[in-house]
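Geometric and topological summary
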Amino acid sequence: MYWYAMKSHDIRRNLATEQYLMNNKQFDEPLVLFYYEGPCIIVGRNQNTLEEINQKYVEENNITVTRRLSGGGAVYQDLGNLCFSFVVDSDSEEFGDFKSFVQPVVDALHDMGATSAEVSGRNDILVDGKKFSGNAMYSHSGKTFSHGTLMLDVDQDVIAHALNVPADKMKSKGIKSVRSRVTNLKPYLAPEYQNLTVPEFRDTLLKELFHVDNLDAIKDKEVQINDDEQAAIDEIFNQYYSNWDWVYGNSPEFTVKKRQHFTAGTIDARLLVEGGKIKNIKFYGDFFGPSDVTELADKLEGVRYDREHVGAVLNAVDTQKYFNGIDVNAILDLLVD
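Under an unreviewed UniProt entry, the protein chain has the name lipoate--protein ligase and belongs to Levilactobacillus zymae. In UniProt, the protein chain has this text filed under Catalytic activity (unreviewed entry): "L-lysyl-[lipoyl-carrier protein] + (R)-lipoate + ATP = N(6)-[(R)-lipoyl]-L-lysyl-[lipoyl-carrier protein] + AMP + diphosphate + H(+)".

Re the sheet that holds strand E5 (residues 75–77)
Taken together, the 3 strands give an open sheet; going across it, the order is E4-E3-E5, and neighbouring strands pair in mixed fashion. Sheet topology places strand E4 (64–67) and E5 at the edges, where each strand pairs with a single neighbour. The mean angle between the axes of side-by-side strands here comes to 20°, regardless of whether they run parallel or antiparallel. Bridge count between strand E3 (residues 40–43) and E5: 3 bridges; the pairing is antiparallel. Bridge pairing links Ile42 to Val75 in E5.

Describing the pattern of salt bridges
Here the structure, examined in full by the defined rule, presents 13 salt bridges. Among the ionic pairs, Lys221 bridges to Glu29, the shortest N-O distance being 2.9 Å. Of this pair, Lys221 sits in the loop between helix H6 (198–210) and helix H7 (227–241) while Glu29 sits in the loop between helix H1 (11–24) and strand E2 (31–35), and the two are 192 residues apart along the sequence. The partly exposed category is assigned to Glu29, whose relative accessible area is 28%. Here Lys186 ties to Asp153 by a salt bridge, and the two come within 3.9 Å at their closest N and O atoms.

Some points on unusual backbone geometry
A positive phi is found at Asn62, a non-glycine position, where the angle reads about 55°. Looking at the secondary structure, you find Asn62 in the loop between helix H3 (55–60) and E4. The class of Asn62 is exposed, set by a relative accessible area of 66%.

Some remarks on the packing of helix H10 (residues 307–315) against helix H11 (residues 328–336)
H11 packs onto H10 with a crossing angle of 145° between their chain directions and a minimal axis gap of 10 Å. The chirality of how H10 crosses H11 is right-handed. Mapping the contact onto sequence places Arg307, Val310, Gly311, Leu314 and Asn315 in H10 and Val328, Ile331, Leu332, Asp333, Leu335 and Val336 in H11.

With respect to the pairing of E2
Here E2 lies mainly inside the structure; 5 of its 5 residues are buried. Along E2, one buried face is formed by Leu31, Leu33 and Tyr35 and the opposite face, lined by Val32 and Phe34, is buried too. When strand E1 (residues 2–5) meets E2, the two strands line up parallel, connected through 4 bridges. Paired with Ala5 across the strands is Phe34, a residue of E2. For the handedness criterion, the β-α-β arrangement of E1, H1 and E2 is classed as right-handed.

Considerations on the pairing of strand E9 (residues 130–140)
Among the 11 residues of E9, 9 are classified as buried, and the element is accordingly described as predominantly covered. Bridge analysis of strand E8 (residues 124–127) against E9 gives 4 bridges, and the strand direction is antiparallel. In the strand pairing of E9, Ile125 is matched with Ser133. The turn joining E8 and E9, which pair antiparallel and follow one another in sequence, is formed by 2 residues; a positive phi near 50° is taken by Asp128.

Rules of the game
Residues numbered from 1 in each chain as written. Predicted model: local features only at pLDDT ≥ 70, side-chain atom pairs only at ≥ 80, totals over all residues. Heavy atoms only, no water. UniProt positions renumbered as here; feature names shortened; annotations may be inferred. Pairing = 2+ DSSP bridges. Helix = DSSP H or I, 4+ residues; strand = E, 2+ residues; numbered from the N terminus. Axes fitted to C-alpha atoms, helices over the stretch in contact; angles between N-to-C directions. Salt bridge = Lys/Arg side-chain N within 4 Å of Asp/Glu carboxyl O. Buried < 20%, exposed > 50% of the residue type's maximum accessible area, 1.4 Å probe, protein only. Left-handed = near helix turned anticlockwise from the far one by under 90°. Contact = heavy atoms within 4.5 Å. Right-handed = clockwise from strand over helix to strand, strands pointing away.

Here it is, written out as structure tokens:
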């Protein structure tokens, strides 16, 4: 087995590296990757991004949002989480057989004291019945990767806010995430492992996986990335993981209904969003205004459905012409929060 520990703490660059190594490097043995990153949300390939995230909270807290190649649900990660990925030839493992991929990690965790860790359900690893790892899989051109999370010491309060989207906020054909009771792995490790930093945890797992006492013993198995390969990874980063069209525009069509009563009247907004942009919007309610509100609706069509772009349209017009007595920021909050 070969291995590579990514240097970046940007989930988008790490996913780009994973994709490059899978598609462009030839290995005569499986490859295991480890990476960890700053606060981020990664949605599954077939999900509606806006349906999975608390957009206002994400923006206010500078949480990176991206989409991965593999399916499954949305996950939150921060620097207390370690990701792992196994890359193999597609014919060497049956697609969907997560247990065969993650069992070496589970065995290593058993050796580190987490004896109750077990593969459960379709793609989770549990400890004492609580989830600390979710896994997803992707195949392309004769290769398969299975990647997963290991919540060592993640801020669980942020998870509750960042992924908290009201069930009635929108309706779409996107694959919905299934929320599970989650926990951190740290308290379940043997005492000598409970104070490990994430890099130390990673290195300990590597030594357990390779059955060695130090990483110098497996230096010859470490993958090297040269400047030309890094440039190719940068192209993937730009084409996919930092590209708005891939992260948001790739979402399926969805509808949104927003209704709120203000002192100056009630606004009932109905939106159809396609490719992350407003395809159609109509306003109903008992509000007052000297101008026809369809003028504003026309200006909003084709606009990206996020606070920045909807706000730019609202701030460029006199919204009092359409919603007399209702503050523009209140209208923005209604439409996108």
